[in-house]
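Residues per chain are reported as follows:
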Amino acid sequence: MYYVSEYETMGSFPVSEFSKNALGHLDGLTQWVFLLNGAAAAGLLTFIGNSLERKALFPHWETFSNSLLCFSVGLMFAVLMRVCTAVSLNFLSQASEPTSSTESEEIRIYLLVSDRAVIFGIASVMAFVCSGAFFLAGVLWGRYAVFG
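Since this is a predicted model, take the numbers as computed values, not measurements.

About the cut-offs
Residues numbered from 1 in each chain as written. Predicted model: local features only at pLDDT ≥ 70, side-chain atom pairs only at ≥ 80, totals over all residues. Heavy atoms only, no water. pLDDT = per-residue confidence, 0-100. Helix = DSSP H or I, 4+ residues; strand = E, 2+ residues; numbered from the N terminus. Phe/Tyr/Trp six-rings, centres within 6.5 Å; stacked < 30°, edge-to-face > 60°. Buried < 20%, exposed > 50% of the residue type's maximum accessible area, 1.4 Å probe, protein only. Contact = heavy atoms within 4.5 Å.

**As for the confidence of the model for the chain**
At step 1: Within the chain, residue pLDDT values average 79, and 74% of them lie at 70 or more.
At step 2: No element of the chain has a lower mean pLDDT than helix H1 (residues 6-10), which averages 47, and none a higher one than helix H3 (residues 64-96), which averages 87.

Printed below as a string of structure tokens:
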């Protein structure tokens, strides 16, 4: 009779493939928030450049800088999200590699590395939420600058 160790069941298909799939989707979301915040910042700079001679028409011209700052911070969170996703994927690949140590040591290494992968995955999701929040804040500051 073949005995299946705990280590073999921990690295089974559903857990590791689900984690890699989820992080793959986070990677796609990273591109999305880069595009969202970057395009908003570029559009705002174009709008400001075309409206310099008509700035007396806008009730709160000075708040455009707040909007641009929010888009820039959103881009920085997108960079942080990208880094956390890459580190998490790196930890997941280390967790799936067998080592030449004893079985109990392998289990300890697997749990330690997979916990770090989960922590960086959660940090990546939090960076996505922060990036989206700063995008929304930038849009609201821009609306305030134009319409008052």
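**Regarding the packing of aromatic side chains**
At step 1: Within the structure shown, the criterion is met by 9 aromatic pairs.
At step 2: Measuring from centroid to centroid gives 5.6 Å for Phe47 and Phe58, while their planes differ by 65 degrees, and the two rings are edge-to-face. Here Phe47, found in helix H2 (residues 13-50), pairs with Phe58, found in the loop between H2 and H3; they are 11 residues apart in sequence, far enough to count as distant.
At step 3: Seen in terms of ring centroids, Phe77 and Phe134 are 5.7 Å apart; in terms of plane orientation they differ by 20 degrees. Their pairing is stacked. Of this pair, Phe77 sits in helix H3 while Phe134 sits in helix H4 (residues 103-147); the two residues are 57 residues apart in sequence, bridging distant segments of the chain.
At step 4: With a relative accessible area of 23%, Phe77 lands in the partly exposed category.
At step 5: Taking the relative accessible area as the measure of exposure, Phe134 reaches 29% and is therefore partly exposed.
At step 6: Grouped by ring-pair contacts, the aromatic residues Phe47, Phe58, Trp61 and Phe64 constitute a single cluster.

**A closer look at the side chain of Asn37**
At step 1: Relative to the helices and strands, Asn37 is located in helix H2.
At step 2: Residue classification places Asn37 among the buried positions, given a relative accessible area of 0%.
At step 3: For Asn37, the residues in contact, after removing those within four places along its chain, are Phe71, Gly74, Leu75, Ser131 and Phe135.

**Quick word on the side chain of Thr63**
At step 1: Counting through the fold element by element, Thr63 comes out in the loop between H2 and H3.
At step 2: Among residues more than four places away in sequence, those in contact with Thr63 are Trp141, Tyr144 and Ala145.

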